[in-house]
Amino acid sequence: MASAALALGLVALAGAAGAGMVGAASTPTRVSEGPRGGYEASLAPSDDGFAVAWYDTRHASPEIYARLLDAEGRAVGDELRLTHSAARSYEPSLTVARRDDGRGPVLVVGWYDVAPDGSSSRARIGAWTAAGGLLWERTLSDPSRRGRIPAVALDSDVIHCVWLEHDGDAGDRGPAQVWRQHFRLDGSAPEPARPIAPASRDTWNLDLVVDADGAAWVVFDAHADTRAKELFLTRDDGTATTVTRLTADDGVPSTYPDLSLADDGRAALTWFDTQHGNEEVYLYVGASETLSDDDEMERTARRVTRTAGASIGAYLTWNGEAFGLAWCDEGEPGRPHELFFQPFDPAGAPLAAPTQLTDNPTASLIPAIRPAGTRFALVWNEDVVEERGDHVTGGRSDVVFALVP
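Since we're looking at a predicted model, the values are computed, not measured.

Draft legend 1. Here's a closer look at the pairing of strand 2 (residues 38-46). Taking burial as the measure, the nine residues of strand 2 include seven buried ones, the bulk of the element. With seven bridges connecting them, strand 2 and strand 3 (residues 49-56) associate as antiparallel partners. Along strand 3, the bridge assignment pairs Pro 45 with Phe 50. In sequence, strand 2 turns back onto strand 3 through a hairpin of two residues.

Encoded structure:
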């Protein structure tokens, strides 16, 4: 398996010699080995390292794949093809559980299937062994409606799951709802699914976090009685549900939020916003209670990027007393996106200047980030821009892994 020089021309990640570097990153490891496209990777810790899931177009139609890695990002075994259907399978959300019988980890994945003719879509969830053996599958969404973008999270032996449902085609500003259900590790559901928040058909990302009390926090963007897409938070503890608009209804899109909760109750939230006429990454850090006050959050948020190009794809995670933020940046309009990383202290102050992690002719896109000891683990996809496909047959793109700093 290639590592230092990937088939798509990926160069080694920037090391400590660059100005403002926080330390050397590991050599990137290629996770996907297909001849076509691997996209939108999800990363989860496992007992001995990590698991990665992505959708892959090597079969001329998107299917969900997964692979186990050791703590340094080296592959443990072959790639695992998880789905085998005529439908197009997209956007996996991955968590890893362990069975009480000692038979190893369980890969729990949420994804959605689109009918071959595009006429319908269904949110799905399933569980597989570490060898790729199917344990169970379930359809989450109502078959009479469109279901999309499920997200999963594990709390002890409970699998929490949220997804989007709506009537009609995706992509317009019509109404949609965020639904929630939880499952046991054997695939049984102790209670029926229920809606927890209004959204819109052009909502394309749900981020799910479960707090220490077992309550589900979901952040997303939506046209929900707003002039443009704004950020929303719903908190559901099983008995009460609150929905809060996090950003002001200013007519300027605020999109693609990602939330991480610290053990001490602090929250870190990132998103990208066009309030200055260009997509830039923003960051808020504070007590989780302040996420109920959109004026407080926007007033104290930090603008992270100030480039001429689009800054997108921002994701973060706490790791002890610090958190790491990763994002993608064009630098100058029209250039392929590169991957950046920056660490912050508990108050949201930078611990170092941003580090540019990639410098190559491919586009570095959609990172996922998780704690890795004293470091941070990252996966993303390296997309060959001139061969980009249509999300059906795909172009060429590889999923890669690295540790920073």
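Draft legend 2. Summary view of the layout of surface pockets. Estimated volume of the second largest pocket: approximately 180 Å³. Forming the walls of the second largest pocket are 14 residues, and the residues nearest its centre are Ser 46, Asp 48, Leu 68, Val 76 and Pro 105. Considering each element in turn, the lining of the second largest pocket owes the most residues, three residues, to strand 4 (residues 63-70). Across the lining of the second largest pocket, the residue classes break down as seven nonpolar, two polar and five charged.

Draft legend 3. Main features of the sheet that holds strand 14 (residues 207-210). In space, the four strands of this open sheet follow the order 14-15-16-17, with antiparallel pairing throughout. With one partner strand each, in any of the chains shown, strand 14 and strand 17 (241-245) form the two edges of the open sheet. Pairwise comparison of adjacent strand axes, ignoring direction, gives a mean angle of 20° for this sheet. Of the pairings in the sheet, the one linking strand 16 (residues 230-236) to strand 17 comprises five bridges and is antiparallel in character.

The rules we used
Throughout, residues of each chain are indexed from 1 in the direction in which the sequence is written. With the structure being a predicted model, the display of local features is reserved for residues of pLDDT at least 70 and the display and counting of side-chain atom pairs for 80 or more, all residues being used for whole-chain, interface and lining totals. Excluding hydrogens and water, the side-chain values take into account all heavy atoms of the structure. Each residue is placed in one exposure class: buried if its accessible area under a 1.4 Å probe, protein chains only, is under 20% of its type's maximum, exposed if it is over 50%, and partly exposed if it falls in between. Strands here mean DSSP runs of E at least two residues long; helices mean DSSP runs of H or I at least four residues long; both are numbered from the N terminus. Two strands are counted as paired when DSSP detects at least two bridges linking them. Here a cavity denotes grid points, spaced 1 Å and computed from the protein atoms alone, that fit a 1.4 Å probe unable to get out, and a pocket denotes an open set having protein on both sides within 12 Å along at least 5 of 7 lines; residues with an atom within 4 Å of a point are the lining. Grid points are joined across faces, edges and corners, and a volume is the space filled by probe spheres set on the points. Charged residues are taken to be Asp, Glu, Lys and Arg, nonpolar residues to be Ala, Val, Leu, Ile, Met, Phe, Trp, Tyr, Cys and Pro, and polar residues to be all remaining types, Gly included. Orientation is described by axes fitted as lines to C-alpha atoms, over the contacting stretch for helices, and by angles from 0 to 180 degrees between their N-to-C directions.

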